[in-house]
Amino acid sequence: MIRLEHVTKAYKGTTVALRDVSVDIQKGEFVFLVGPSGSGKSTFLRLVTKEEVADGGQVWVAGKEVGSLSPFKVPYLRRNIGCVFQDFRLLPTKTVYENVAFALEVIGRPRQVVKTQVPQILDLVGLGKKLRSLPGELSGGEQQRVAIARAFVNRPLILLADEPTGNLDPSTTAGIMRLLDRINKTGTTVVMATHDNTIVDSMRRRVIELDRGTVIRDQERGIYGVGA
Ligand SMILES: Nc1ncnc2c1ncn2[C@@H]1O[C@H](COP(=O)(O)OP(=O)(O)OP(=O)(O)O)[C@@H](O)[C@H]1O
């Protein structure tokens, strides 16, 4: 579903962010990306969505080589990928319902589809009763649930999560992880960058560890790491 082949990425004026990274992630896997700050985790995720382009090597997503996709095809690539971030990135003046509906409207889904799917997905994330709230009226955990609903409402093949629990307390974090686990169980491939050793150690999923842009460990049912 996601394959990086000898991928290298350097930003202007910085050291290399990823160096000869080769990784193959199958459909339906749940993968943790771990490593110290600056090790290249976010860069990895941004290459998958083509927010960044590799300098060397190839990035394959759902059977397409992303680097050579023409610009007009990039939106179609992104329809297959839901993204969740540490800072939620909700539209502050729009309600919970509108935030999630927007994700369907921008890809031209008919109104009737929006009307049925948005309440359904908000029920799934446990926010069926907060449709009319604004993000600012919700707790951090609830805001992240809205963000996950928005990322998943289109049933993407892939869900990328960059430190999704970074701003949340441990019990809220556990709820978010249960939700991501449920989404993964529907067959969605989940790749999550995290610094949270407790999560990684309790889930025991595949762990890919980066250090200064290089994969130093790729372990099935892994733990966060030695000395973490
Ligand atoms: N837009 C950018 N411009 C220049 N350098 C960048 C840019 N984004 C990342 N970098 C650099 O690339 C390297 C990898 O950064 P990246 O954000 O991928 O790491 P990370 O593992 O996600 O870090 P963190 O855990 O702090 O989010 C770092 O040295 C960083 O400073």
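All values derive from a computational prediction rather than experimental measurement.

(A) Summary view of unusual backbone geometry. Positive phi, normally seen in glycine, also occurs at Arg89, with a value near 60°. Here Arg89 shows up in the loop between β6 (81–85) and α3 (96–105). The backbone of Glu163 shows a phi angle near 50°, a positive value even though the residue is not glycine. Note on Glu163: 17 C-beta atoms within 10 Å, which makes it partly exposed.

(B) Focus on the site of the ligand. Near the ligand, the surroundings consist of Tyr11, Thr14, Thr15, Ala17, Gly35, Ser37, Gly38, Ser39, Gly40, Lys41, Ser42 and Thr43. Counting residues per element, the shell around the ligand draws most heavily on helix α1 (residues 41–48), which supplies 3 residues.

(C) Looking closely at the packing of α3 against helix α5 (residues 140–152). Interaxial distance between α3 and α5 falls to 8 Å at its minimum, and their mutual angle equals 25°. On the basis of the axis angle, α3 is roughly parallel to α5. Seen from above, α3 lies across α5 with right-handed handedness. Counted together, Val96, Asn99, Val100 and Ala103 of α3 and Val146, Ala149 and Arg150 of α5 form the full contact between these two elements. Classifying every residue of the contact of α3 with α5 gives 5 nonpolar, 1 polar and 1 charged.

(D) Region of interest: the pairing of strand β7 (residues 158–162). For β7, the tally of buried residues reaches 5 of 5 residues, placing the bulk of the element in the interior. Alternating positions in β7 separate into two faces, Ile158, Leu160 and Asp162 on one and Leu159 and Ala161 on the other, with burial throughout. Where β6 meets β7, 5 bridges bridge the pair, whose relative direction is parallel. If you follow Ile81 over to β7, its bridge partner there is Ile158.

(E) Structural detail: the nonpolar core. By size, the foremost hydrophobic cluster in this structure holds 64 residues, and its most contacted members are Leu33, Val100, Ala149, Leu159, Leu160 and Val191. If we skip the residues at most four places from it in the chain, Leu160 touches Leu45, Val48, Thr49, Ile81, Cys83 and Val191.

(F) Looking closely at the sheet that holds strand β1 (residues 2–10). If you walk across this open sheet you meet the 4 strands as β2-β1-β4-β5, and the pairing is antiparallel. Looking at the sheet topology across the chains shown, the edges are occupied by β2 (16–25) and β5 (64–65). In terms of strand pairing, β1 meets strand β4 (residues 56–61) through 5 bridges, oriented antiparallel. When the sheet's bridge partners are listed, Glu5 is paired in β4 with Gln58. Lying on the sheet, α1 is in contact with β1, β2 and β4; it crosses β1 at an angle near 120°.

(G) Summary view of the environment of Val74. Tracing the chain through its elements places Val74 in helix α2 (residues 74–79). When the C-alpha positions of Val74 and Val61 are compared, they lie 11 Å apart, and in sequence the two are 13 residues distant. Setting aside residues no more than four positions away along its own chain, Val74 makes contact with Lys50 and Leu69.

Cut-offs applied
- Residues numbered from 1 in each chain as written.
- Predicted model: local features only at pLDDT ≥ 70, side-chain atom pairs only at ≥ 80, totals over all residues.
- Helix = DSSP H or I, 4+ residues; strand = E, 2+ residues; numbered from the N terminus.
- Buried ≥ 20, exposed ≤ 12 C-beta atoms within 10 Å, placed from the backbone.
- Near = placed C-beta within 6 Å.
- Axes fitted to C-alpha atoms, helices over the stretch in contact; angles between N-to-C directions.
- Parallel < 35°, antiparallel > 145°, perpendicular 65-115°, else oblique.
- Left-handed = near helix turned anticlockwise from the far one by under 90°.
- Contact = placed C-beta atoms within 7 Å.
- Nonpolar A, V, L, I, M, F, W, Y, C, P; charged D, E, K, R; others polar.
- Pairing = 2+ DSSP bridges.
- Core = buried A, V, L, I, M, F, W, Y, C linked by C-beta atoms within 7 Å.

Read these as geometric descriptors, not functional statements.
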